[in-house]
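# Structural overview for review
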Amino acid sequence: MSSHGDGAQESPAEAPEPLEGELLRAAERLFDQRLPLARTYAEHLCTTGITHGLLGPREVPRIWSRHVLNCAVLGPELPSGGTVADVGSGAGLPGIALALSRPDVDFMLIEPMERRVDWLDAVVKDLGVDNVQVIRARAEEVSDEVMADVVTARAVSSLKKLIPLTVPLLDDDGELMLLKGRSAAEEIAAAGKAIKKARLQTPRVQLLGEDMLPEPTTVVRARRR
Ligand SMILES: C[S@@+](CC[C@H](N)C(=O)[O-])C[C@H]1O[C@@H](n2cnc3c(N)ncnc32)[C@H](O)[C@@H]1O
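My aim in this report is to walk through the structure given alongside it, one point at a time. Along every chain, residues carry numbers that run from 1 in the direction the sequence is written. Local features in a predicted model are, by the rule used here, given only for residues with pLDDT of at least 70; side-chain atom pairs are given and counted only at 80 or more, and totals for whole chains, interfaces and linings are based on all residues. Only hydrogens and water are set aside when side-chain values are computed; all heavy atoms of the structure are taken into account.

### Digging into helix 2 (residues 35–46)
For helix 2, which comprises 12 residues, the first-to-last C-alpha distance of 16 Å matches the rise-based estimate of 16 Å (1.5 Å per residue) to within 8%. All of the buried residues in helix 2 are Leu35, Ala38, Tyr41, Ala42, His44, Leu45 and Cys46. Helix and strand definitions follow DSSP, with helices as H or I runs of at least four residues and strands as E runs of at least two, each counted in order from the N terminus. Multiplying 1.5 Å by the residue count of a helix minus one yields the expected span of that helix. Throughout this description, buried means an accessible area under 20% of the type-specific maximum (1.4 Å probe, protein chains only), exposed means over 50%, and partly exposed covers the range between.

### What to know about the nonpolar core
In this text, buried Ala, Val, Leu, Ile, Met, Phe, Trp, Tyr and Cys residues form a nonpolar core when linked through side-chain atoms within 4.5 Å. By size, the foremost hydrophobic cluster in this structure holds 52 residues, and its most contacted members are Phe31, Tyr41, Trp64, Val68, Leu69 and Ile96. Every element with two or more residues in this core is listed here: helix 1 (21–31), helix 2, helix 4 (63–72), helix 5 (95–101), strand 2 (106–111), helix 6 (114–127), strand 3 (132–136) and strand 5 (170–180). In what follows, a contact means two residues having at least one pair of non-hydrogen atoms within 4.5 Å. Excluding residues within four positions of it along the chain, phenylalanine 31 makes contact with Ala38, Trp64, Val68, Leu69, Ala72, Ala97, Leu100 and Ser101. Listed in part, the 30 residues of the second largest apolar core include Val146, Val151, Ala153 and Leu169.

### Here's the deal with the pattern of salt bridges
Salt bridges, as used here, are contacts in which a Lys or Arg side-chain nitrogen is within 4 Å of a carboxyl oxygen on Asp or Glu. For the structure on display, the rule yields nine salt bridges. Among the salt bridges present, the one from arginine 221 reaches glutamate 175, with a minimum N-O distance of 2.9 Å. Of this pair, arginine 221 sits in strand 7 (residues 217–223) while glutamate 175 is found in strand 5, placing the two residues 46 residues apart along the sequence. The class for glutamate 175 is buried, based on a relative accessible area of 6%. Residue glutamate 175 pairs with arginine 223 through a salt bridge whose shortest N-O separation is 3.3 Å. With glutamate 175 in strand 5 and arginine 223 in strand 7, this pair connects stretches of sequence that are 48 residues apart.

Okay, here's the thing in C-alpha cells:
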C-alpha cells in the first residue's frame, strides 16, 4: 500500500508508462474494440487509483506491463459466456482488466474494503460496462451465494491461505486461475494440505503472455478432483 495514499490533491510523481510498441500490440490484441476503455481504466488507476491509495505511485511507470496487460493476458483462457469471481479485487486487478478484455464473460469483484469498493463502483460506472458487479464482502462471507466457472485472485495471500477462500466459490467443474509470482511452484509445495483438503487436482503453473509482454504472467491453475 502506498504511503502517499491520503493526499487527495497529490499527483503521481512519474509519468504513466506509454502504450506503444509491443505493449500497444498486446493491448490491441487483448482489448480489441474496448481498447479506449482500457486506456480510461489505466488513467483512473494512475490518478484517483493513486490518490485514493489503491495503487502505489511507483506503479505508474509500469501500469500497462505490470498491471493492466499482465492481468489481461488471462482473458483468452476464460470460458465463453462464463462467470468469474475475482477475490480481493482491490483496484480491479485482474477483474476489471479481464472484464474489458472479455465482454462475453460476467465478473463479480469481491472486495471487503469500503473505500476500495466505492472506487471500483465509480470506475465501473464511468467505464459504462455491464459485465461487472462489485460485491462488498470477504470471500468467505459469500461462499453460499457465489458459484463461478473461474475464480481469480492476485496478490491476496499465499496459496495455502488462498485455496480455502477461493475453492468454495467454484462451480463443481470450475477452475482456479490464481496470478502468482515466481515462487508459484514453492507455494504449491507449501499448500499440500490445503490442496488435499479442498479436494483439488494438483495445480499446474502456466506462463501467459510470453509472446506479448516483456515479463510473462504466472498463473496457478487447478480444478476440483
Ligand atoms: C494487496 S491487495 C491486491 C489487490 C488486487 N488484487 C491487485 O492485485 O492489485 C489485496 C486485496 O485483497 C482484499 N482481501 C483481503 N482478504 C480478503 C478476503 N478474505 N476476501 C476478499 N478480499 C480480501 C483486500 O481488501 C485487498 O483489497
